[in-house]
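Tertiary structure, described
Here's the letter readout for the chains.
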Amino acid sequence: MKEDFLKIGKDALAVGAWEEARSDLERAVQSEPSAEALEELAWAYWWLNDMPRVFELRTQAHHAYLEKNDKQGASRTASWLGLTYLEYNGEFAIASGWFQRAENLLEGIDRCKERCLIQTLKANLSFRIEKNIPQALSLLDDTIALSKSLDAVGNLMIAEALKGFILVTKGMVREGMQLLDEATLLAMNNESGDIHSITTTCCFLIDACQRARDFDRAGQWCLKVQELCMRWRHKAVFATCRTQYASVLIWKGEWQEADRELTTAIDELKKLRPVGVNAGILRLADLRRRQGRWTEAATLFDEIKSAGPKALPCAALLYDTGEFKQAYDMTDRFLRQVPPNEKTERVAGLELFIQINVKLGQLDEAEKSLNELKEIAATIDVLPFRAAYLNAKGSLNYGLGNYELSRKDLEDAIDLYEQILSPFEAARARVALARALDKLRDHGQAEHELNKAISVFKTLGAKRDLEKSRQQLRELGVNTTNEQGFTKRELAILRLVAEGKSNEQISDTLCISLRTVEKHLSNIYQKLGTSGKSARAHAASFASRNLPSR
């Protein structure tokens with residue numbers, strides 16, 4: 001009895017036995033090169049990440065379906081070819097051509113799963129490339145209704161997930177998350193079905209969570225998708241998910257683990273899905289920026305040829321390095337290119353733009369951006385966006401000289417950042433708060449805030465922020481000591497005492513008499529409220545804690 005290698009191969013695909021599926025389907029193609037066998041064999045190679053063979057076999061399957069006048073099969077393979085060109089080569093024009101061919105083949109055939117597939121793919125293209133959100137949503141509404149009537153669960157979950165994702169980007173987080181929850185529930189209850197649809201649906205949810213800064217939820221789903229990918233040996237999606245999970249780890253301050261995830265994922269993506277590697281490089285470059293490894297960050301950004309995706313992270317690096325005018329130009333360009341209705345996408349740009357404008361003294365422009373950020377935070381009403389707004393408002397109030405208002409805004413922002421477990425953002429807000437407290441002459445609390453920030457930066461490995469905070473603490477010490485009435489000469493003597501110099505050595509260093517040194521020391525002890533044998537030790541300790549080194 002002749003074995004049915006096509007059926008055996010399809011059964012192997014259904015349980016994730018990719019090598020066995022490839023072997024059986026190769027035999028099926030050799031014995032009878034049918035369109036269906038070619039299509040299924042392409043999927044086997046897809047799972048095994050052999051993309052040249054995927055392109056070749058899907059093209060052959062498409063022509064084979066055309067030869068037998070199977071328009072639905074030809075449309076389906078045209079759709080997958082378009083997606084393959086888009087995902088693996090980033091060739092939008094070629095992908096669009098294949099999508100149009102797939103749609104043309106379905107002329108007169110309205111109720112079929114292939115119609116659901118091509119409409120979903122075209123909606124994704126409309127949203128991501130053409131920035132035509134109304135058209136994308138219209139296509140998806142039709143697709144969801146058709147998928148439900150055909151009981152096409154795989155198509156339904158992807159269409160609902162994409163619609164939910166688009167709604168989240170528009171700022172309709174509650175409505176979008178409801179759709180994403182429904183789609184993901186379908187995905188989790190259909191693990192024996194189309195694993196491609198399942199992982200795609202989950203990835204939309206994870207991306208939406210990150211845009212809404214719901215990192216706890218994103219982290220949980222990342223781990224779930226990683227579990228699915230390991231079970232189904234889906235290496236490329238697993239690597240992609242690792243880059244997404246790294247964003248969660250960065251936000252939570254688990255930078256060492258994020259570093260490991262990103263470097264491993266980038267190596268995998270370079271081999272399995274080169275077009276997807278830029279996302280990992282961008283995240284690693286931004287981590288290097290936060291770590292204060294600025295040269296490495298710049299080198300990584302240079303690896304990415306397209307200016308669009310790296311515009312905002314590069315602007316953040318320029319801001320950190322003090323290149324405020326260049327940072328302004330790049331952030332302004334980013335905001336011009338992101339439509340106002342993509343609210344969650346604009347938040348990070350507005351945050352940075354406000355900080356830059358405050359540094360440049362362009363307070364009217366900063367206030368204009370703050371008003372937009374306020375509107376987004378009020379519309380979406382999630383804690384991370386509220387914290388971003390309060391932090392930016394505190395920065396602007398400081399620039400305006402409203403130090404008491406700045407203090408309140410920054411304290412509230414810190415409370416929210418700590419509530420959502422965002423240590424780096426909280427620490428930076430503490431540094432800003434210390435500046436406001438210094439202006440309010442509350443030096444004790446300013447020192448407290450700086451010490452807490454320094455502790456966090458040290459734990460994270462944020463070396464540049466650590467250096468800046470320590471310098472700010474030293475400068476704060478000068479302000480504090482000057483309030484006690486020390487003269488410049490007394491401050492100089494205090495530093496030398498802290499260095500362990502004797503009175504004779506101080507006399508030689510400052511070219512003053514020994515008696516003058518002793519007189520200054522007597523005044524210093526009096527101002528410090530100390531006397532006796534321990535006075536010198538007390539003065540040295542005070543100078544070490546409060547005076548910057550020379």
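Attention in this report is confined to the structure presented alongside it. (Residues numbered from 1 in each chain as written. Predicted model: local features only at pLDDT ≥ 70, side-chain atom pairs only at ≥ 80, totals over all residues. Heavy atoms only, no water.)

Some words on the packing of helix H7 (residues 113-128) against helix H8 (residues 133-150)
Helices that pack against each other are described as a pair by the angle of their axes relative to one another and the distance between those axes. Between H7 and H8, the least distance of the axes is 8 Å, while the angle of their chain directions is 160°. Relative to H8, the element H7 is oriented roughly antiparallel. Seen from above, H7 lies across H8 with left-handed handedness. Facing H7, whose interface residues are Lys113, Arg115, Cys116, Gln119, Thr120, Lys122, Ala123, Ser126 and Phe127, H8 presents Ile133, Gln135, Ala136, Leu139, Leu140, Asp142, Thr143, Leu146, Ser147 and Leu150. A breakdown of the residues in the contact of H7 with H8 according to their chemical character gives nine nonpolar, six polar and four charged. (Axes fitted to C-alpha atoms, helices over the stretch in contact; angles between N-to-C directions. Helix = DSSP H or I, 4+ residues; strand = E, 2+ residues; numbered from the N terminus. Parallel < 35°, antiparallel > 145°, perpendicular 65-115°, else oblique. Left-handed = near helix turned anticlockwise from the far one by under 90°. Contact = heavy atoms within 4.5 Å. Nonpolar A, V, L, I, M, F, W, Y, C, P; charged D, E, K, R; others polar.)

Focus: the layout of surface pockets
Within this model, the second largest pocket holds a volume of roughly 340 Å³. If you trace the second largest pocket, you find 19 residues lining it, with Ala212, Arg213, Asp214, Val382 and Pro384 closest to the centre. Counting residues per element, the ones that place at least two in the lining of the second largest pocket are helix H10 (173-188), helix H12 (215-232), helix H13 (235-252), helix H20 (363-380) and helix H21 (383-400). Across the lining of the second largest pocket, the residue classes tally to ten nonpolar, two polar and seven charged. (1 Å grid on protein atoms, 1.4 Å probe; cavity = no way out; pocket = protein on both sides within 12 Å on 5 of 7 lines; lining within 4 Å. Points joined across faces, edges and corners; volume = space filled by probe spheres on them.)

Considerations on the packing of helix H15 (residues 277-291) against helix H16 (residues 294-302)
Close contact between H15 and H16 brings their axes to 8 Å; oriented N to C, the two are set at 160°. For the element pair H15 / H16, the angle class is roughly antiparallel. The hand of the H15/H16 crossing is left-handed. Contacts between H15 and H16 involve Ile281, Leu282, Leu284, Ala285, Asp286, Arg288 and Arg289 from the first element and Trp294, Glu296, Ala297, Leu300 and Phe301 from the second.

Digging into the pattern of salt bridges
Counting across every chain of the model gives 37 salt bridges. The partner of Arg428 in a salt bridge is Asp320, with the nearest N and O atoms 3.2 Å apart. One end of the pair, Arg428, is in helix H23 (residues 423-439); the other, Asp320, is in helix H17 (residues 307-320), and 108 residues separate them in sequence. For Arg428, a relative accessible area of 28% puts it in the partly exposed group. Of the residues examined, Asp320 reaches a relative accessible area of 6% and is grouped as buried. When the shortest N-O distance is used, the salt bridge between Glu449 and Arg430 registers 2.4 Å. Highlighted residues: Glu449 in helix H24 (residues 443-460) and Arg430 in helix H23, separated in sequence by 19 residues. You can call Glu449 buried: its relative accessible area is 6%. (Salt bridge = Lys/Arg side-chain N within 4 Å of Asp/Glu carboxyl O. Buried < 20%, exposed > 50% of the residue type's maximum accessible area, 1.4 Å probe, protein only.)

As for the packing of aromatic side chains
Think of a pair of aromatic rings as described by two things: how far the centres are apart, and how the planes are tilted against each other in angle. Within this structure, the stated rule accounts for 13 aromatic pairs. With a centroid separation of 6.0 Å and 70° between ring planes, the pair formed by Phe424 and Phe457 is classed as edge-to-face. With Phe424 in helix H23 and Phe457 in helix H24, the pair connects residues that are 33 residues apart, well separated along the chain. Since its relative accessible area comes to 3%, Phe424 is described here as buried. Ring pairing ties together the aromatic residues Trp18, Trp43, Trp46, Trp47 and Trp80, which thus form one cluster. A cation sits over an aromatic face here: Arg58 above Trp43, 4.5 Å from the ring centre. One cation-aromatic arrangement involves Arg101 over Trp98; the distance from NZ or CZ to the ring centre is 4.6 Å. (Phe/Tyr/Trp six-rings, centres within 6.5 Å; stacked < 30°, edge-to-face > 60°. Lys NZ or Arg CZ within 6 Å of the ring centre and 35° of its normal.)

Some words on the state of the cysteines
Scanning all chains against the criterion turns up zero disulfides. We note that Cys203 lacks a disulfide partner, and the nearest cysteine sulfur, in Cys241, lies 5.8 Å from it. Residue Cys203 is classed as buried on the basis of its relative accessible area of 17%. (Disulfide = S-S within 2.5 Å.)

Notes on empty space enclosed by the protein
Following the criterion strictly, the structure yields two cavities of 30 Å³ or more and no others. Around the largest cavity, the lining residues are Trp43, Trp46, Arg58, Trp80, Leu83, Thr84, Glu87, Tyr88 and His196. Take the lining of the largest cavity: its biggest share by element is five residues, from helix H5 (residues 71-89). Looking at the lining of the largest cavity residue by residue, the class counts come to five nonpolar, two polar and two charged. In this model, the second largest cavity occupies a volume close to 40 Å³.

Describing the side chain of Gln210
The residue Gln210 is located in helix H11 (residues 195-211) in this model. What Gln210 contacts, discounting residues up to four positions off in sequence, is Phe215, Ala218, Gln244, Ser247, Val248 and Arg283.

A look at unusual backbone geometry
We note that Lys131 has phi near 55°; this positive angle belongs to a residue other than glycine. Within the secondary structure layout, Lys131 lies in the loop between H7 and H8. We classify Lys131 as partly exposed; its relative accessible area is 42%. Phi is positive for Asp151, which is not a glycine, with a value near 55°. Note that Asp151 resides in the loop between H8 and helix H9 (153-169).

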